[in-house]
Structure formats: structure tokens, C-alpha cells
Amino acid sequence: MLSIAKSEFKARRERLLAMMGDNSIAIIPAANEVTRSRDTEYAFRQDSDFYYLTGFNEPDAILVLCSSSVTPSTLICRDKDKQAEIWHGRRIGFEKAKTDYLFDATYALSELDDTLLTLLNTQQTLFYAQGTYPAFDSKVWGLLNTLRCAPKSGYQAPHTIKDIRALLHEMRLFKSDAEINIMRQACEVSAQGHIRAMQFAKLGATEYQLEAELHHHYAINGARFPAYSSIVGSGDNANILHYTQNDAELADGDLVLIDSGCELQGYAADITRTFPVNGTFSEPQAALYSIVLAAQHAAFNEVKPGGSFSKANAAASKVLTQGLLELGLLQGELEQLIASQAYKVFYMHGIGHWLGLDVHDVGDYKCGEKERCFEPRMVLTIEPGLYINHDANVPKQFRGIGIRIEDNLVVTKHGHENLTVGVPKAINDIEALMRASKS
Ligand SMILES: [Mn+2]
């Protein structure tokens, strides 16, 4: 299976250290385990920032970067513990972590406070992301106070505190070849999962059964968990944007909207497809679907260096408005309807978002006042939709139809590569796939 070399994680730390400047320290904590109920925990998910810089997948660890130190990259992690490992699982231990993960120094978690105090002392700038782990925030502020209160012991606290996320998230926005390869694989696995769910769909099946088909396919391909709670909404449920109840029975004549993607080695895929339960789009469904698909194609044209989310959204909104006008769901002048964003009644979310270790990945959407343009190696989603509620004030045949089509694109030198072409979305192709699975 594809993976990211430990040397790449090390190179990321070195790049960040160089950007931090002299006499700077960064403290980046790992995630903690979270209780699900009584003495059971949710499946552990590493903190994305910590993972990006370490590739280290244990809870409670701390990464410390010191730009002017002879040991710039330090990991503090759980020590080996025979009893704990018999009950809860293997630990790498600080000795092996140093060699396997290419750190300059490693310490056991029992030495956390002393180590942090020593490393923090006399540094000028602290880079830290406040607010993610409140308990750890308290520890850091406590250590800073210790340094401030004891100048006679030779202690000196950093003068300046900066947010590490400004530097780190800019790095994460641009994906390396290794990251793109893993995301390509996450997208392929997810696409196949969607195909499997389409093939399984039939009258009387349930939304949770389609969800199970998707998750089964992810898991047997090495992606044990979805990147986010899968949305499987049939009929009017598709009009609930973040519907995750997934407990309805599929009815004849309804569409099903599936928004789901796996997480592979920390990287998310995020695909949406909408298809008919009985395998054939009705006329009003096909009419609305064709508008959304055309809007997506229009937005795709803006996914290239120099393009932007707002250009993509403008292109998609124009097509959506035109289509809604032709079908009689909007009335008025095209230009005026676009200017007043009349389409927002039926398309109320954004055109897309960055994609990476987080499904709604990090990275600024603006450069100061201005919107930022797409550049090669950015990965993003394009996901226009139309949502016509069961009680919408429109011709009856369009009510209760929700449609979204979402693909994952990596920006290239001259345009983009669609990572999720593996799952069909043309009406003919969807109908052919579903017909084949029934025969
Ligand atoms: Mn999305």
C-alpha cells in the first residue's frame, strides 16, 4: 500500500522550522482518546496538524520544534508499559520513536513538564494553536507563568506568541506527490464504494443498508473508517444538507443522494452522487439533474491556476439560474435573478472546499481582502446542488427532489485532474450501471 516516507515528514518539520525564524519554539500536541461511553473510547483519530508533521499515530504525544537548537525536532510520547500494552495495545516508546520517525530527541511523557519548561526557557517566540485542546492550553499557560515568575532562577518566557496554524495550514494546502497519490487512491476506493451502493439500491432496501455497502467497501480496502458521517438521503431527506439519520426505506420513484468518502491514511475523499431508486430518472428528476450536472461542468472550467471558488460558483450559479428559469421554478429576468442570488432558495451552500487530511481542509480562502486563486497541488471539491423541498412553492412534479453532484479535483499546471471520475454521473451511465446490476 502507498504510504508517505518518514523522510517526507522530517522534511516538513524542517520547512516549518525554517519559516519560524530564529529563537522560536512550536508546541504541537497530538489528539487524546475520547470516551464514547463509560470505559470505551471512540476509535482514535490523530490530530491532523500533528500527523502532518510526524506520521506518528499514538495519542497524548507532543511535538516540539526549536529553530535554534542542536536538536530542533523533539517528540515526547507515551513510554513502554507492559500492563497497558497487554490491555490496550502496543506502544512505540520514546527510544524506538526517535529512530523510526527521525526525531532529533525523544522523551517519555512522564518528563513532559520538565522537558517543555527547559525547551521553552529563553526562546523569543512561541508558535502555538490555542483552543483545540483546552486542558493542554492550561498546561502551556501554566509553564509560561512559571517562566515569567522566576527570572532569578534564570527563567525567561517568550515575548511573543504566534498562531502556528498560519504557517502550517498554508503548507497543508499544497499537496505533495505522495499526498496526491494517497488521495487518488482514497478517491478510487470511495468511487467503487458508491458504485457498490448504486448496484445494491432497490425498492424496499434502506438508507442504512446503502451506508453499510459503502463502509464495507472502504474497510475491506484498508480504509477502516469513512472520512465523515455518510449522508444517505432518499426522497425529501436529500433536502436536509447534513442528513445522517439514514434510517428510511427506499421508495419507488425517489432519488437517493449519497455524500460519502473514505479516509485512507488520514486523507479524506468526499463524493456525492444522486441516482433513482428504481434505476430510471423520471422526467422532472432528469430535468433538474441535468441542470446540476451542467452547473458542475461550468464550475470545472474555472478549476485551473488563476481560477477561484467564486469564479466557479458564479459559473455554476448562472447555469442553475438559467435552468430554474426555463423549468419555471424561478420567474423574472436572468441577469436580475443572478444578481439577486434568487437561486439561493434552492442552492444554499458553497460550491466547494479544500480537501486533505480534513474533509473540510485547512488553508485560507482569502489573501487579505482578496479571494485567493487556485494554484497547482491544491485539492478541492466542486459540488453544486438543487434542493426542492416537499412544500416548496413550485410546480408539484419538482417537489421533494434533492440533488448534489460532488467530485474531488487536484489543480494542475494547466487545469485539473478529477480524482473521482470512477463513479458514473451522466444519466445514461447511471441508468446503464443500475440496469446491469438488476439483470
Ligand atoms: Mn464536500
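Residues numbered from 1 in each chain as written. Predicted model: local features only at pLDDT ≥ 70, side-chain atom pairs only at ≥ 80, totals over all residues. Heavy atoms only, no water.

Colleague: Before we go on, may I ask you to explain the pairing of strand β20 (residues 407-411) in this structure?
Modeller: Two faces, one strand: in a regular strand the side chains alternate between the faces of the sheet. The buried count for β20 comes to five of five residues, which makes it a mostly enclosed element. Burial along β20 is two-sided: Asp407, Leu409 and Val411 and Asn408 and Val410, pointing in opposite directions, are all buried. Pairing of strand β17 (residues 379-382) with β20, which is carried by four bridges, proceeds in the antiparallel orientation. By the bridge assignment for β20, leucine 380 is matched with leucine 409. Judged from the three bridges that link them, β20 and strand β21 (residues 416-418) form a sheet pairing that is antiparallel. Paired with valine 410 across the two strands is glutamate 417, which belongs to β21. Between the antiparallel neighbours β20 and β21 lie four residues. (Buried < 20%, exposed > 50% of the residue type's maximum accessible area, 1.4 Å probe, protein only. Helix = DSSP H or I, 4+ residues; strand = E, 2+ residues; numbered from the N terminus. Pairing = 2+ DSSP bridges.)

Colleague: Is there a simple way to think about the state of the cysteines in this case?
Modeller: Linking two cysteines covalently through their sulfur atoms gives a disulfide. The tally for this structure, following the rule as stated, stands at zero disulfides. Summary of cysteine pairing: cysteine 187 is not part of a disulfide, and the nearest cysteine sulfur, belonging to cysteine 262, is at 7.8 Å. Relative accessible area serves as the criterion here: at 0%, cysteine 187 is assigned to the buried category. The thiol of cysteine 367 is unpaired, and the distance to the nearest cysteine sulfur, on cysteine 373, comes to 7.8 Å. (Disulfide = S-S within 2.5 Å.)

Colleague: I keep staring at the packing of aromatic side chains and nothing clicks. Help me out?
Modeller: Where two aromatic rings form a pair, the distance of their centres and the angle of their planes describe that pair. The full count for this structure, using the stated rule, is 11 aromatic pairs. Taken together, the ring pairs connect Phe309, Trp354, Tyr365 and Phe374 into an aromatic cluster. For arginine 12, the ring lying beneath its charged end belongs to tyrosine 52, and the centroid distance is 4.2 Å. (Phe/Tyr/Trp six-rings, centres within 6.5 Å; stacked < 30°, edge-to-face > 60°. Lys NZ or Arg CZ within 6 Å of the ring centre and 35° of its normal.)

Colleague: Hey, could you run me through the packing of helix α10 (residues 283-300) against helix α11 (residues 309-327) in this one?
Modeller: The description of two helices packed together rests on the angle between their axes and the distance between the axes. One way to put it is that α10 packs onto α11 with a least axis distance of 7 Å and a crossing angle of 155°. Considering their axes alone, α10 and α11 lie roughly antiparallel with respect to each other. In this structure, the crossing between α10 and α11 has a hand that is right-handed. Residues Ala287, Leu288, Ile291, Val292, Ala294, Ala295, Ala298 and Ala299 of α10 form the contact with α11, whose participating residues are Ala312, Ala315, Ala316, Val319, Leu320, Gly323, Leu324 and Leu327. Partitioning the contact of α10 with α11 into residue classes produces 15 nonpolar, one polar and no charged. (Axes fitted to C-alpha atoms, helices over the stretch in contact; angles between N-to-C directions. Parallel < 35°, antiparallel > 145°, perpendicular 65-115°, else oblique. Left-handed = near helix turned anticlockwise from the far one by under 90°. Contact = heavy atoms within 4.5 Å. Nonpolar A, V, L, I, M, F, W, Y, C, P; charged D, E, K, R; others polar.)

Colleague: What exactly am I supposed to notice about the sheet that holds strand β13 (residues 267-268) here?
Modeller: Pairing within the open sheet is antiparallel, and its three strands lie in the order β9-β12-β13. Among the strands making up the open sheet, the edge pair consists of β9 (225-226) and β13. Across two bridges, the pairing between β9 and strand β12 (residues 262-264) is antiparallel. Opposite proline 226, over in β12, you have cysteine 262 as the bridge partner.

Colleague: Any chance you could explain the nonpolar core here in plain terms?
Modeller: Nonpolar side chains tend to gather and get buried jointly when the protein is soluble and globular. Leu210, Phe275, Ile382 and Leu386 are the most contacted members of the largest nonpolar core, which totals 111 residues. If you count residues domain by domain, this core takes at least three from each of domain 1 (6-171) and domain 2 (174-438). When sequence neighbours within four positions are dropped, the list of residues in contact with leucine 210 reads Ala197, Phe200, Ala201, Val232, Leu250, Val256, Ile258 and Phe275. (Core = buried A, V, L, I, M, F, W, Y, C linked by side-chain atoms within 4.5 Å. Domains from an automatic or database assignment.)

Colleague: Looking at this model, I keep getting lost on the domain arrangement of the protein. Mind explaining?
Modeller: Quoted interface sizes are often the accessible area lost when the parts come together. By domain assignment, the protein separates into domain 1 (6-171) and domain 2 (174-438). The C-alpha-based centres of domain 1 and domain 2 are spaced at 37 Å. Between domain 1 and domain 2, the contact holds 10 residues from the first and 14 residues from the second. In total, about 970 Å² of surface goes out of reach between domain 1 and domain 2, with carbon and sulfur atoms giving 44% of it. A per-residue breakdown of the area domain 1 buries against domain 2 is headed by Arg45, His169 and Glu170, which together make up 44% of the total. Counting across the domain 1 and domain 2 interface gives three salt bridges. (Buried area = accessible area lost by both parts, 1.4 Å probe. Salt bridge = Lys/Arg side-chain N within 4 Å of Asp/Glu carboxyl O.)

Colleague: What is the right way to look at the environment of arginine 148 in this model?
Modeller: Mapped onto the elements of the fold, arginine 148 is located in helix α6 (residues 134-149). Looking at arginine 148, the relative accessible area reads 45%, which means it is partly exposed. Along the sequence, arginine 148 and lysine 80 sit 68 residues apart, while their C-alpha atoms lie 34 Å from each other. Residue contacts for arginine 148: discarding those within four places in its chain leaves Ala157 and Ile161. A polar contact is formed between the side chain of arginine 148 and the side chain of asparagine 145, at a distance of 3.1 Å. (Polar contact = N/O pair within 3.5 Å; in protein donor to acceptor, adjacent residues only side chain to side chain.)

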